[in-house]
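# Secondary and tertiary structure notes
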Amino acid sequence: MPTTPPPETAALRDLAVHLAHAAGEELLARQTGLSIDAAGVETKSSASDPVSAADRASEKLITDGLSATRPGDGLLGEEGAAKTSTTGLTWVIDPLDGTVNYLYGRLDWSVSIAVEDEAGAVAGVVHQPRTGMTWSAIRDHGAHRDGNPLGPLRDVIPAAALVSTGFSYLADQRAEQAEYVRRLLPVVRDLRRGGSAALDLCSVADETADAYYEHLIQPWDIAAGALIAREAGATTIGGPGTALPRGVLAAPPELATALVELLAPLKPRRLE
Ligand code: LIP
């Protein structure tokens, strides 16, 4: 259960929540009349990877707010914000997670803001403007959704697990990711592909899914959501040196153990 955090980390969380809500208002205002084929929607890593003035406006609103309030902190943003920290803290920002969903006028997109120190995420927020829902967490002090504490999580066997996943915008990476769908689909209850890693991780924290796994995901997509899932009681595994070096898994402990067995990189065949 959540415990009372030190005032300075509560202030970091509160700043992240304030800026996520302000960015959400900006994004909502810009979504009206917008569409995937609107003028001004460009592409980034591939023809299926859109970026719009809304993404950039959201990131600028967040980074301007952070620079004004905490000028010595570092910045890392999906749309290019980059600043070295002189305080030991760095803000990791996805100003619009679920960009394709946003441009199609759907509900499932979010603003994700985390602040990290040398040990990882200290505080984080994921805000879904179309529903008004906000998930937040402070390291070692629990996670909340709209102020209500999250966790402990039910732990289920793979056959009873609803698992969220996602895919890259690059064709070769998608071909690689299909292997993980092949491994999961016959074993778990079902898969869901929502289009926002941040919301997928929050779904583990609030038990609207049982697990999330994505192969080849970006740090800004998962920084806040992974902290929220952990603070709700999930195990998170991923990154270099872990059993899942190129992906991220969030699930209750026993389910996580079972899924790692399934997802760990194929061991090279021993030549007999
Ligand atoms: C999205 C991720 C999602 C992934 C999508 C996309 P974006 O981030 O949150 O998990 O599956 O392909 O990368 O591009 O909307 O910020």
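The preceding data block contains the structure.
Summary of the structure given here.

Criteria and thresholds
- Residues numbered from 1 in each chain as written.
- Predicted model: local features only at pLDDT ≥ 70, side-chain atom pairs only at ≥ 80, totals over all residues.
- Heavy atoms only, no water.
- Near = heavy atom within 4 Å.
- Polar contact = N/O pair within 3.5 Å; in protein donor to acceptor, adjacent residues only side chain to side chain.
- Areas by Shrake-Rupley, 256 points an atom, 1.4 Å probe, with all protein chains shown as cover.
- Helix = DSSP H or I, 4+ residues; strand = E, 2+ residues; numbered from the N terminus.
- Nonpolar A, V, L, I, M, F, W, Y, C, P; charged D, E, K, R; others polar.
- Domains from an automatic or database assignment.
- Phe/Tyr/Trp six-rings, centres within 6.5 Å; stacked < 30°, edge-to-face > 60°.
- Buried < 20%, exposed > 50% of the residue type's maximum accessible area, 1.4 Å probe, protein only.
- Lys NZ or Arg CZ within 6 Å of the ring centre and 35° of its normal.

Take the site of the ligand next. Near the ligand you find 16 residues, and of these Asp97, Gly98, Thr99, Phe167 and Ala197 are the closest. Between Gly98 and the ligand, the recorded distance is 2.7 Å, taken from a backbone N or O atom to an oxygen atom. In this structure, Arg193 approaches the ligand through a side-chain N or O atom, which is 2.8 Å from an oxygen atom. Look at the ligand: alone it shows 380 Å² of surface, and the protein chains cover 94% of it. The element contributing the most residues to the shell around the ligand is strand β5 (residues 90–97), with 3 residues. For the shell around the ligand, the per-class residue count stands at 5 nonpolar, 5 polar and 6 charged. Inspection of the shell around the ligand shows a minimum of three residues originating in each of domain 1 (7–149) and domain 2 (158–262).

Think of a pair of aromatic rings as described by two things: how far the centres are apart, and how the planes are tilted against each other in angle. Here the structure, examined in full by the defined rule, presents 2 aromatic pairs. Pairing Tyr102 with Trp109 gives two aromatic rings, centres 4.7 Å apart and planes at 85°, and the pair type is edge-to-face. Take Tyr102 and Trp109: they sit in the same class, and that class is buried. Measuring from ring centre to ring centre gives 5.5 Å for Tyr180 and Tyr213, while their planes differ by 40°; the resulting arrangement is tilted. In this pair, Tyr180 sits in helix α4 (residues 171–184) while Tyr213 sits in strand β13 (residues 211–215), placing the two residues 33 residues apart along the sequence. Summarising the burial analysis for this pair, Tyr180 and Tyr213 share the class buried. The ring of Tyr180 is capped by Arg183, whose NZ or CZ atom sits 5.1 Å from the centre of that ring.

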